[in-house]
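Listed below are the residues making up each chain.
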Amino acid sequence: MQHIGCHPPLHSEEDGCTHYLGKGEISFFRKMASDKQNEGKILPIDENKENTTEDGIGLEILQIIKDSQQQHGLRHGDYQRYRGYCSRRLRRLRKTLGFKCGNRHKFTGKKVTVEMLSDNRYSDNRYLLLVLMEAERAWSYAMQLKQEANTEPRKRFHLLSRLRKAAKHGERLEKLCESPRVDAKTKLEAQAYTSYLSGMVRFELQEWKAAMEAFNKCKTIYEKLASAFTEELAVLYHQRVEEISPNIRYCAYNIGDQNAMNELMQMRLSAGGGGGMMAEKLEALITQTRAKQAATMSEVEWRGRTVPVKIDKARIFLLGLGDNEAAIAQAANEETKERLYETLLAECRDTIQAVREELKTEAKQRERSDEASGKVSNLQFLHSYLIYIKLWTVVKRNESMAHMLQAKLKEPQTDENKRGTRPQDLIRLYDIILQSLAELSTLQGLEEDLTFQKEVALKMLVYKAYRCFFIAQSYVLVKKWSEALVLYERVLKYAMEVQSKAKSLNNSLKDLPDVQELITEVNAEKYSLQAAAILDTEDAPEAPAQQKVKDNTPLCERLETFHLDPTLVGKQPNLVQFPPDFQPIPCKPLFFDLALNHVAFPPLDDKVEQKGKGGLTGYIKGIFGFGS
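This structure is a prediction, so every number in the text was calculated from the model and none was measured. (Residues numbered from 1 in each chain as written. Predicted model: local features only at pLDDT ≥ 70, side-chain atom pairs only at ≥ 80, totals over all residues. Heavy atoms only, no water.)

Trainee: Would you mind showing me how to read the packing of helix H2 (residues 79-97) against helix H4 (residues 126-148) here?
Mentor: In a packed pair of helices, the relevant descriptors are the angle between the two axes and the axis-to-axis distance. At a minimum axis separation of 8 Å, H2 and H4 run at an interaxial angle of 160°. Compared by their axis directions, H2 and H4 come out roughly antiparallel. Note that H2 runs across H4; the crossing there is left-handed. Looking at the contact of H2 with H4, its residues break down into 13 nonpolar, 6 polar and 7 charged. (Axes fitted to C-alpha atoms, helices over the stretch in contact; angles between N-to-C directions. Helix = DSSP H or I, 4+ residues; strand = E, 2+ residues; numbered from the N terminus. Parallel < 35°, antiparallel > 145°, perpendicular 65-115°, else oblique. Left-handed = near helix turned anticlockwise from the far one by under 90°. Nonpolar A, V, L, I, M, F, W, Y, C, P; charged D, E, K, R; others polar.)

Trainee: How do you make sense of the environment of Leu163 when you look at a structure like this?
Mentor: Position of Leu163 relative to the elements: it lies in helix H5 (residues 155-176). We classify Leu163 as buried; its relative accessible area is 0%. In this structure, the C-alpha to C-alpha distance between Leu163 and Glu204, residues 41 residues apart in sequence, is 9.0 Å. Not counting residues within four places of it along the chain, the set of residues in contact with Leu163 comprises Trp139, Ala142, Met143, Met200, Val201 and Glu204. (Buried < 20%, exposed > 50% of the residue type's maximum accessible area, 1.4 Å probe, protein only. Contact = heavy atoms within 4.5 Å.)

Trainee: I would appreciate a short explanation of the nonpolar core in the present structure.
Mentor: Within the largest apolar cluster, 76 residues are counted, with the highest numbers of intra-cluster contacts made by Leu318, Leu382, Tyr385 and Ile389. If you list the elements that add at least two residues to this core, you get strand S7 (299-302), helix H11 (312-329), helix H12 (334-369), helix H13 (378-410), helix H14 (423-440), helix H15 (450-477), helix H16 (481-502) and helix H17 (515-539). There are two domains that each give this core at least three residues, and those are domain 2 (300-364 + 377-409 + 423-448) and domain 3 (465-536). Not counting residues up to four positions away in its chain, the partners in contact with Ile389 are Phe317, Leu318, Leu321 and Cys348. In terms of nonpolar packing, the next biggest core, distinct from the first, is built from 64 residues, Ile61, Phe99, Leu130 and Leu159 among them. (Core = buried A, V, L, I, M, F, W, Y, C linked by side-chain atoms within 4.5 Å. Domains from an automatic or database assignment.)

Trainee: Any chance you could explain the packing of aromatic side chains here in plain terms?
Mentor: What describes a pair of aromatic rings is the distance from one ring centre to the other and the angle between the planes of the rings. Inspection of every chain in the model, using the stated rule, returns 19 aromatic pairs. With centroids separated by 5.6 Å and ring planes inclined at 80°, the aromatic side chains of Phe203 and Trp208 adopt a geometry described as edge-to-face. Each member of the pair, Phe203 as well as Trp208, carries the same accessibility label: buried. Through a chain of ring-to-ring contacts, the aromatic side chains of Tyr430, Tyr463, Tyr466, Phe469, Phe470 and Tyr488 assemble into a single cluster. The ring of Phe229 is capped by Lys185, whose NZ or CZ atom sits 4.8 Å from the centre of that ring. Positioned above the aromatic ring of Trp392 is the side chain of Lys459, whose terminal nitrogen or guanidinium carbon lies 4.1 Å from the ring centre. (Phe/Tyr/Trp six-rings, centres within 6.5 Å; stacked < 30°, edge-to-face > 60°. Lys NZ or Arg CZ within 6 Å of the ring centre and 35° of its normal.)

This is how it looks when you write it as structure tokens:
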């Protein structure tokens, strides 16, 4: 092996690492802290988990790739960033090992061979790491292209080319590990890694049987490794097995196993509310499975009318509706149930948007053909059905949240500083439910369906009763006994009305809360309310007679009379009357000259100069005095 002397540390701004060159590559990661004083501190850690044991060359392949992926972009699904990291890592390894492929003027290909590993000069596990990073770089590029292929289908060809390249590098790594100098654990991990990459290639090529065999081989190796090592390492191997399992189920479904779809749904439930890459992968596989099943679906029936479904997105959504509802019913906790509700609503909104686009096209065609729009079209009725699914899902989600808040409302509050659940929170939820039900009654195509309108009105009565019940409880908290009692009576009125109307409508209350249970609770609350009101009246001290006198006279006018007035220390004390009343005051006399109207002035005609006639004649007469 070429000997490289010890040099000053080389700092790379590109990946935030400081490298020391010596016989072994020691890497230091610098963790940026919020405090600027700690900015320059570097914590040395063995980032590669690389070691050369007495038994031979060893490389913890799975540990290395998992750590690298989590630290360089894959935690957020950024494959491009991870690919850049792999390229930089390869360049550093080649420079450190002196294994460069030529110079800047000429390329000379070099490959790691089994014979090299047999030589003592090359007994370094970083030569294996070199091939591993090449495989990871090609795989990350393929995953990046897979994300971009959703909008650019031509990139799928490049994707397959990169995946094949990654599998080829994986096979090279497996062959290198066949060297007698490599330990048994590294050989098994290399076989599992190669099987995983070859399985991904077959999976993208839709060669389901070959892909399933490769994934099963990979799963078996990791399960054996998990049982042979410590619990800490076993956790990593079990995580890898869980990542591979959805692909195996999907391959089994495509081969012909009908139970594989149910297993995928169960795996989605067991994933919990955490989401992440595993949940996204399951959702993508389930969507692909439904897309295959949707090819056989052509129509749907609702409210006694059969509607053809020609939009693929609507077919996929309606096909998975029953599975989604079953998954929500089987959810283990409220967090998982809430996540499934949000997923269902998001799919429903996307489907409604696709149907609306088709409705715009249909409306334009009707305008061109001048057709009379009398009966609701099939597409419009399908749109109404999807709107109904969305609104009813919102109702069920808010009802589920209301049940959770009711349970918290009944629990005793331990921490006084922490804000607990209040009845106002439930009132808001029931307001949203009533708003959704009001929108249901205005759906196009169902205006003349009297049975549907009666069912919606009955459901609104049930939720109005519950909303009124929690309004009454909010009044109880502020000790407004009379208002709360009136509201409790209204709750009973709504509940009795629901019971009387439900007899004519079969199966109308099966999806609604129990009204009889509400009646029992209201009766109990009424008795406790009356008792609390009586105790509150007895505890209140009798006010003196002076306090009971309500006098609106300002303080400045009743200084001789004392009675306790709490308004004097409030924000608006009644001290003086403002604005004051008007009072008569003497004013300045006004003088009027009445005699002027009766005075006769002397004639002044002789004093007034008379103007002569105009023109040249008058001017001449004026000069010679003829006109005077």
